[in-house]
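# Reading the structure
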Amino acid sequence: MTETLATVSSIGTPLAAAAQAAVPESAKELTRGLSGRRKAAILLLQLDRHASARVLAEMSDPEIEELATEIARAGDVSADVSAAVLKEFGMLQSTGGAGVR
């Protein structure tokens, strides 16, 4: 799923600006228990159709199946958790964090 984050980073969407938005101090606590797959699902859910299609086009069929399963399991995601995931993605993208190719 780290490939998903890399793919998203290569797509020009409003995510970069959103990732820089203020996030509650407890952002790390909000995402601490989330798997990378869950974070990727939350991130993908925040994309528009065009950007989502571009991300999925870069993924293998097994990766898409795993991500689709995670999206189905995600249920309602709070705005705070979504913002925390965006913030984490923005930090990974800006620092070239491990796991993002």
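Residue indices follow the written sequence of each chain, beginning from 1 at its first position. The predicted origin of the model limits local features to residues at a pLDDT of at least 70 and limits the giving and counting of side-chain atom pairs to 80 or more, whereas totals for whole chains, interfaces and linings rest on all residues. Values shown for side chains rest on all heavy atoms present in the structure; no hydrogens or waters enter the calculation.

### Quick word on the overall build of the protein
For the purposes of this entry, the term helix denotes a DSSP run of H or I that reaches at least four residues, the term strand denotes a run of E that reaches at least two, and both are numbered from the N terminus. Scanning the protein for helices and strands turns up seven helices and zero strands. Starting at the N terminus and ending at the C terminus, the protein contains elements arranged as α-α-α-α-α-α-α. Out of the 101 residues in the protein, the part that is buried amounts to 36%. Only heavy atoms matter for contacts: two residues are in contact if any of them lie within 4.5 Å across the pair. Within the protein, counting contacts between residues at least 6 apart in sequence, those at least 24 apart form 86% of the total. The buried label goes to any residue with under 20% of its type's maximum accessible area, the exposed label to any with over 50%, and the partly exposed label to all in between, with areas taken from a 1.4 Å probe on protein chains only.

### Some remarks on the pattern of salt bridges
Salt bridge, as applied in this entry: a Lys or Arg side-chain nitrogen positioned within 4 Å of an Asp or Glu carboxyl oxygen. Enumeration according to the criterion identifies four salt bridges in this entry. The salt bridge partner of Glu 70 is Arg 38, with a shortest N-O separation of 2.4 Å. With Glu 70 in helix H6 (residues 61–74) and Arg 38 in helix H4 (residues 36–45), this residue pair connects regions lying 32 residues apart in the sequence. One salt bridge connects Glu 88 with Lys 39, and the closest N-O pair in it is separated by 2.8 Å. Taken together, the positions of Glu 88 in helix H7 (residues 79–95) and Lys 39 in helix H4 put the pair 49 residues apart, joining distant regions of the chain.

### Some remarks on H7
The terminal C-alpha atoms of H7, which comprises 17 residues, lie 24 Å apart, in line with the 24 Å expected from a rise of 1.5 Å per residue. Along H7, the positions that sit buried rather than exposed are Val 81, Ser 82, Ala 84, Val 85, Leu 86, Phe 89 and Gly 90. Between the first and last residue of a helix there are one fewer steps than residues, each counted as 1.5 Å, and that sum is the expected span.

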